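A closer look at the structure
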Amino acid sequence: MNNLTIDFSKLNGLVPCIIQDATTQRVLMLGFMNEEAYNKTIQEKKVVFFSRSKQRLWMKGETSGNVFDLVDIVSDCDNDTLLVKVHPRGPACHTGADTCFNEINEQWNIDALEKVIHDRKVNPSKSSYTTSLFESGLNKIAQKVGEEAVELIIEAKDNNKELFLNEAADLMFHYLVLLQEKGYTFDDVLSVLKKRHKK
C-alpha cells in the first residue's frame, strides 16, 4: 500500500477511487483523491477524498460519523485508478443506503454476521453482548469457544434438532468473534481450506 506509484496527471491531479467493503467485497461508492487526499488517507487510516464540487479535502463521514476505516489500497494496471478496501462504519451513502448505488443488504449470511461483529468491536455499545466479549479479552473469548464446542458435542448425541442447531449457532458466533479478536476473517480460513483442497 505504501509503495504504490500512482499517476495523478491524467485527470488534473485526481484519480478515481472505487470503495469496496473489505468483508463483503461489495462496491460501496466511487470517489476521487488527489495526492494530498491519498497521503492523508494513509496517515489517518480513514478514507479522505477530494471534493470536486467544494474543491477541498473531505473525510468520508466527517459530519455523519459513517467513516471508512482503511484496510488496504491497490492500484490498477495503469496506476491511475485505486481500489480502496474499507470497513464502513454505517451506511456508505448519505441517503442511508448501504451503497451509493442504492443497494441495501438484506441477506443474512457469514459476511453480514462478521460485519455486525466488527461494528460491535469498533463502535462499542454497553448493551451489546458482543462488545462485552471483546472487552473481556482474548482468553475469555477463547474459553467461550471451548465451552460452546463442548455443548455442541453434548447436543449432537441427542436427537433434538432445535437444541443442536442453537448450540451450532452459538459456536459459530463465538468462533467468528475469536477470529475478529485475532484480526482475521472467515475468508482467511476459507483460503487455507482452498489451499488444502485437491481436485
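Structural data are supplied above this passage.
This section reports on the structure supplied with the text. (Residues numbered from 1 in each chain as written. Predicted model: local features only at pLDDT ≥ 70, side-chain atom pairs only at ≥ 80, totals over all residues. Heavy atoms only, no water.)

**Things to note about the nonpolar core**
By size, the foremost hydrophobic cluster in this structure holds 21 residues, and its most contacted members are Ile19, Met33, Leu82 and Val84. Of all elements in the fold, only strand E1 (15-21), strand E2 (27-33), helix H1 (35-44), strand E3 (48-51), strand E5 (68-75) and strand E6 (82-88) reach the threshold of two or more residues within this core. Contacts of isoleucine 19, omitting those with residues within four sequence positions, involve Arg26, Val27, Leu28, Met29, Val47, Phe49, Phe68, Val84 and Val86. If you look at the next biggest cluster of nonpolar residues, it comprises 12 residues, including Leu113, Ile141, Val145 and Phe186. (Core = buried A, V, L, I, M, F, W, Y, C linked by side-chain atoms within 4.5 Å. Buried < 20%, exposed > 50% of the residue type's maximum accessible area, 1.4 Å probe, protein only. Helix = DSSP H or I, 4+ residues; strand = E, 2+ residues; numbered from the N terminus. Contact = heavy atoms within 4.5 Å.)

**Some remarks on the packing of aromatic side chains**
Under the counting rule described, the total for this entry stands at 2 aromatic pairs. Ring geometry for phenylalanine 49 and tryptophan 58: centres 5.2 Å apart, planes at 35°, overall tilted. What makes tryptophan 58 partly exposed here is its relative accessible area of 25%. Above the plane of the ring of phenylalanine 68 lies lysine 60, whose end atom (NZ or CZ) is 5.0 Å from the centre. (Phe/Tyr/Trp six-rings, centres within 6.5 Å; stacked < 30°, edge-to-face > 60°. Lys NZ or Arg CZ within 6 Å of the ring centre and 35° of its normal.)

**A short note on empty space enclosed by the protein**
This model, assessed by the stated rule, comprises 1 cavity of 30 Å³ or more. Here the largest cavity defines a volume of roughly 50 Å³. Contributing to the lining of the largest cavity are Asp21, Thr23, His87, Pro88, Glu114, Lys115, His118 and Asp119. Taken together, the elements giving at least two residues each to the lining of the largest cavity come down to E6 and helix H2 (110-122). With 4 residues, H2 is the single largest residue contributor to the lining of the largest cavity. (1 Å grid on protein atoms, 1.4 Å probe; cavity = no way out; pocket = protein on both sides within 12 Å on 5 of 7 lines; lining within 4 Å. Points joined across faces, edges and corners; volume = space filled by probe spheres on them.)

**Side note on the layout of surface pockets**
Taken as a whole, the largest pocket holds about 360 Å³ of empty space. What lines the largest pocket is a set of 20 residues, among which Met29, Trp58, Lys60, Ala92 and His94 lie closest to the centre. With 3 residues, the single largest contributor to the lining of the largest pocket is strand E4 (residues 56-59).

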